Amino acid sequence: MDSYIEGSCNRLAKSAAVAIAQNPGGTAFNPLLIYGGSGLGKTHLAQAIGMEVKQNYPNKVVLYVTTNVFQTQFTEAVRKNEINDFLHFYQLIDVLILDDIHELAGKTATQNTFFHIFNHLHQNGKQLILTSDRAPVLLQGMEERLITRFKWGMVAELEKPTVELRKNILRNKIHRDGLQFPQEVIDYIAENVGDSVRDLEGIVISIMAHSTIYNKEIDLELTQRIVRKVVNSESKAVTVDEIINTVCKHFGLETATIHTKSRKREVVQARQIAMYLAKNYTEFSTAKIGALIGHKDHATVLHACKTIKELKEVDKSFRAEIDEIQAALEKRIRIKDKGLNAAKYALA
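Residues numbered from 1 in each chain as written. Predicted model: local features only at pLDDT ≥ 70, side-chain atom pairs only at ≥ 80, totals over all residues. Heavy atoms only, no water.

(A) Representation of the overall build of the protein chain in the model. Within the protein chain, the regular secondary structure consists of 15 helices and five strands. Structurally, the protein chain occupies a C-alpha span of about 65 × 60 × 35 Å along its principal axes. Considering only contacts within the protein chain whose residues lie at least 6 apart along the sequence, 73% involve residues at least 24 apart. (Helix = DSSP H or I, 4+ residues; strand = E, 2+ residues; numbered from the N terminus. Contact = heavy atoms within 4.5 Å.)

(B) Broad picture of the sheet that holds strand 4 (residues 127-132). Spatially, the five strands line up as an open sheet ordered 2-3-4-1-5, and their pairing is parallel. For this open sheet the edge positions go to strand 2 (62-66) and strand 5 (154-158), each flanked by a neighbour on one side alone. Between one strand axis and the next, the sheet turns by 15 degrees as a mean value, whatever way the strands run. As paired elements, strand 1 (residues 32-36) and strand 5 share five bridges and run parallel to each other. The partner of Ile 34 across the bridge, within strand 5, is Ala 156. (Pairing = 2+ DSSP bridges. Axes fitted to C-alpha atoms, helices over the stretch in contact; angles between N-to-C directions.)

(C) Focus on the layout of surface pockets. By volume, the second largest pocket amounts to about 440 Å³. As for the second largest pocket, its lining consists of 28 residues, and the residues nearest its centre are Gly 39, Leu 40, Gly 41, His 44 and Val 197. Elements represented by at least two residues in the lining of the second largest pocket include exactly helix 2 (42-56), helix 7 (163-176) and helix 9 (197-213). Element by element, the count of residues in the lining of the second largest pocket is highest for helix 7, at five residues. Residues of the lining of the second largest pocket, tallied by class, amount to nine nonpolar, 10 polar and nine charged. (1 Å grid on protein atoms, 1.4 Å probe; cavity = no way out; pocket = protein on both sides within 12 Å on 5 of 7 lines; lining within 4 Å. Points joined across faces, edges and corners; volume = space filled by probe spheres on them. Nonpolar A, V, L, I, M, F, W, Y, C, P; charged D, E, K, R; others polar.)

(D) View of the packing of helix 11 (residues 240-251) against helix 12 (residues 265-281). Where helix 11 contacts helix 12, the axes come no closer than 9 Å and their chain directions differ by 140 degrees. Relative to helix 12, the element helix 11 is oriented oblique. Taken as a pair, helix 11 and helix 12 cross one another with a handedness that is right-handed. Across from Val 240, Ile 243, Val 247 and Phe 251 in helix 11, the residues of helix 12 making contact are Ala 270, Ile 273, Ala 274, Leu 277, Ala 278 and Tyr 281. Broken down by class, the residue content of the contact of helix 11 with helix 12 amounts to 10 nonpolar, no polar and no charged. (Parallel < 35°, antiparallel > 145°, perpendicular 65-115°, else oblique. Left-handed = near helix turned anticlockwise from the far one by under 90°.)

(E) Structural view of unusual backbone geometry. A cis amide bond links Asn 30 to the next residue, Pro 31, at an omega of 5 degrees. Take Pro 31: it is sitting in the loop between helix 1 (11-22) and strand 1. For Asn 81, which is not glycine, the phi dihedral falls at a positive 60 degrees. Position of Asn 81 among the secondary structure elements: in the loop between helix 3 (67-79) and helix 4 (83-91). Phi at His 295 is positive, roughly 55 degrees, even though this residue is not glycine. Take His 295: it is sitting in the loop between helix 13 (286-292) and helix 14 (298-314).

(F) Summary view of the side chain of Thr 131. Secondary-structure assignment places Thr 131 in strand 4. Thr 131 sits in the buried class, given a relative accessible area of 0%. A polar contact is formed between the side chain of Thr 131 and the backbone nitrogen of Asp 100, at a distance of 2.8 Å. (Buried < 20%, exposed > 50% of the residue type's maximum accessible area, 1.4 Å probe, protein only. Polar contact = N/O pair within 3.5 Å; in protein donor to acceptor, adjacent residues only side chain to side chain.)

(G) Quick look at the nonpolar core. Residues Phe 70, Tyr 90, Leu 96, Phe 114, Ile 117 and Phe 150 are the most contacted members of the largest nonpolar core, which totals 30 residues. When residues of this core are traced back to their parent elements, those giving at least two are strand 1, strand 2, helix 3, helix 4, strand 3 (95-99), helix 5 (108-123), strand 4 and helix 6 (144-150). A total of five residues in this core trace back to one element, the largest contributor, which is helix 5. If we ignore the near neighbours within four places in the chain, the residues touching Phe 70 are Val 65, Phe 86, Tyr 90, Leu 98, Thr 110, Phe 114 and Ile 117. (Core = buried A, V, L, I, M, F, W, Y, C linked by side-chain atoms within 4.5 Å.)

Function-wise, these values are silent; they only describe arrangement.
Right, dumping it as structure tokens:
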């Protein structure tokens, strides 16, 4: 668990994980469902819980299994008429970690079997840990009774790591591997590779390989060259003004309205959405975002982000609306990137 670096984007999940590792099945976090995009550390955290439970409770039966493997095992058990053995095996587990639960979507028979396994383990005080690429409310093709159970304990989202967390993750990996990177190299990677923890680790490996094979010193120039090749770090930055314009266009509002003191519901919600998107699409602090959107303070931005995030989790139509705005925003980014690339080509 110590290797899982904590930040504001994963603090809730990490806190629940630590509590479970100390008292599996005996906390309010049962089940624990961790969700988030690819490469954000869901599997890492889930497996870390399992390993720490084994250290703390050597006699407990801990099983990590992907949903794909679970599905294959179930299909094989049905084929061999050994479904009772399959159920008996899973009902003896003390801590069950099921990775990528969203892959059960549409598999009615497997869902029904997992429903009975879930009930048995939960009723007997056993710990369940699940991971998913989306929130329970967005798990289409999943039985409602399962979704309800997924929400019995703790649902924790892993968000994209902040720049500061990315720096800490890099320092930890570099130290763990016995490497030495200049601070300016760490800063550059953290500021330009932001999609996932997996990407950060991949960049470190690429830099080390280039340095070793070509006998080159690890410096900023080498790092910049590798980062550009691996993650295409052409500027995909979106400005706060572009976010405001996209949100206002979606709701049919004048952009200036965002900066007024209007308390009309549609204006307040548009302002909150703009703040939420600015937090996700830029590296600005909450104080800076507040200053740029409605001249608000950082507490207002934090409240806005929390409000929008919670609404997305409970309101499917609202989530769809946010997705639509994000799609429009990302289309803007792609168009801008094409323009930048065309200009570079023309100047070459």
